[in-house]
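Chain by chain, the residues:
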Amino acid sequence: MQTSCTYRILFLLKLLSEKDYTKKELLAEFKKNDIKISNSSINSYINKLKLNDININISKKKNENVYHFKRKPTQFELTEAEIAIIHDIKKLLFAQKNYNKIRKVVRLFCKIIFAAKGDELKSDLLNFDYYSSLNWLLVRTLENHCKNKDIILIDYILPEGKNKKIKIHADDLRIGDWSNRLYLWGSIDNSKYLSYIPVDKIFMIEKIIQKNVPFEVSKDILTYHISKNLYEEISLDKKEKLISLDKKIAIIERPLEDNFFIIQRLMSFCPDLYYISDEKIKNKVKEKLEILKASYEKEYE
């Protein structure tokens, strides 16, 4: 089989990129591929590789030369402006509330970090705030349980540091509307309503109690009225639904979930918020407004 000199040099480099070889072993590999070369040819190819700034080290082992391909580490540096852009990209990514996209970018940065020059740059690349501390293997497992609608028993870490066993019928994983925290949604302890727990507080999944269980849960619906003018200025979020609109009032409904976010959302509608159907939510909004009013009055006394 006739082969060009260039091909034989590249074949030699391919062999050395896989492992170290003696000259005898290299000759045997060429022979296996029906390429006839001599000892002097090996020396010539090694020299040509070195002339092209490809590091081939030669050491001695039992009076034989051992050839080793030493890869040059590829590294890159970033300017302060470029690092600032990376931080901005991360913020935009977090704002999308899509944990799957965040996971993919975390994986990408983990791959390229080995080429980054300097510990500070590596730290910047790997810093995804809350998402850096997430157990992504646990997230993947929870995704499967949500997909199958399994009932699972989890070991949950309480605020005071103690652990508690919680049974949950897994439904969905979502980032909170008012935070970057990832939550497991489901029916806890046979409740008829969906609720949620933070994934970062789940120590482990103890066991699968039952697989593939259909959901039979109810959702409380919150209704509120805002002015037509305000409705025309804002955009409804993905959970809000316009029920009716007249010359003065827009009536909106949403599932009664994530009370903290709902309260903040309703407060942002003031003073064009006229009615809240849930008494507990209404009282919380009034309480927050009273505190806000008192702080303003104190400031301007």
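None of these values were measured; they are calculated from a predicted model.

Q: Would you take a moment to explain the sheet that holds strand β9 (residues 221–227) for this structure?
A: Neighbouring strands of a sheet are bound in pairs by backbone hydrogen bonds; such pairs are parallel or else antiparallel. In spatial order, the strands read β10-β11-β9-β12; together these four strands make up an open sheet with antiparallel pairing. In this open sheet, the two strands that pair with only one neighbour each are β10 (241–245) and β12 (273–276). The average undirected angle you get between the axes of adjacent strands in this sheet is 25°. As paired elements, β9 and β12 share three bridges and run antiparallel to each other.

Q: Help me understand helix α3 (residues 39–51) in this model?
A: In an α-helix, one full turn covers 3.6 residues, which means residues spaced three or four apart are oriented alike. Taking 1.5 Å of rise per residue, 13 residues should cover 18 Å, and α3 covers 19 Å from first to last C-alpha, within 8% of that figure. Along α3, the residues classified as buried are S41, I42, Y45, I46 and L49. Looking straight down α3, one finds that the buried residues subtend no more than 135° of arc, so they occupy a single side. Along α3, exposed side chains directed more than 90 degrees from the buried face belong to S40 and L51. Buried residues along α3 sit in contact with α1 (5–18), α2 (23–32), β2 (56–61) and β3 (64–69).

Q: How do you make sense of the nonpolar core when you look at a structure like this?
A: Soluble globular proteins tend to bury their nonpolar side chains together. By size, the foremost hydrophobic cluster in this structure holds 35 residues, and its most contacted members are Y131, L142, L173, L182, L184 and V199. Mapped by element, the contributors of at least two residues to this core are α4 (80–95), α5 (99–112), α6 (119–126), α7 (136–148), β4 (151–157), β5 (163–175), β6 (182–188) and β8 (202–210). Excluding its chain neighbours within four sequence positions, the residues that come into contact with Y131 are F94, I102, W136, I175 and N180.

Q: I'm lost on unusual backbone geometry in this one. Help?
A: The bulk of non-glycine residues show a negative phi, and the bulk of peptide bonds are trans. The linkage connecting C270 with the following residue, P271, adopts the cis geometry, with an omega of 5°. For P271, the location among the structural elements is in the loop between α9 (259–269) and β12. Despite not being glycine, D129 shows a phi value in the positive range, around 50°. Topologically, D129 is positioned in the loop between α6 and α7. We classify D129 as exposed; its relative accessible area is 52%. Even without being a glycine, N212 presents a positive backbone phi close to 50°.

The rules behind these values
- Residues numbered from 1 in each chain as written.
- Predicted model: local features only at pLDDT ≥ 70, side-chain atom pairs only at ≥ 80, totals over all residues.
- Heavy atoms only, no water.
- Pairing = 2+ DSSP bridges.
- Helix = DSSP H or I, 4+ residues; strand = E, 2+ residues; numbered from the N terminus.
- Axes fitted to C-alpha atoms, helices over the stretch in contact; angles between N-to-C directions.
- Expected span 1.5 Å × (residues − 1).
- Buried < 20%, exposed > 50% of the residue type's maximum accessible area, 1.4 Å probe, protein only.
- Arc of directions from axis to C-beta.
- Contact = heavy atoms within 4.5 Å.
- Core = buried A, V, L, I, M, F, W, Y, C linked by side-chain atoms within 4.5 Å.

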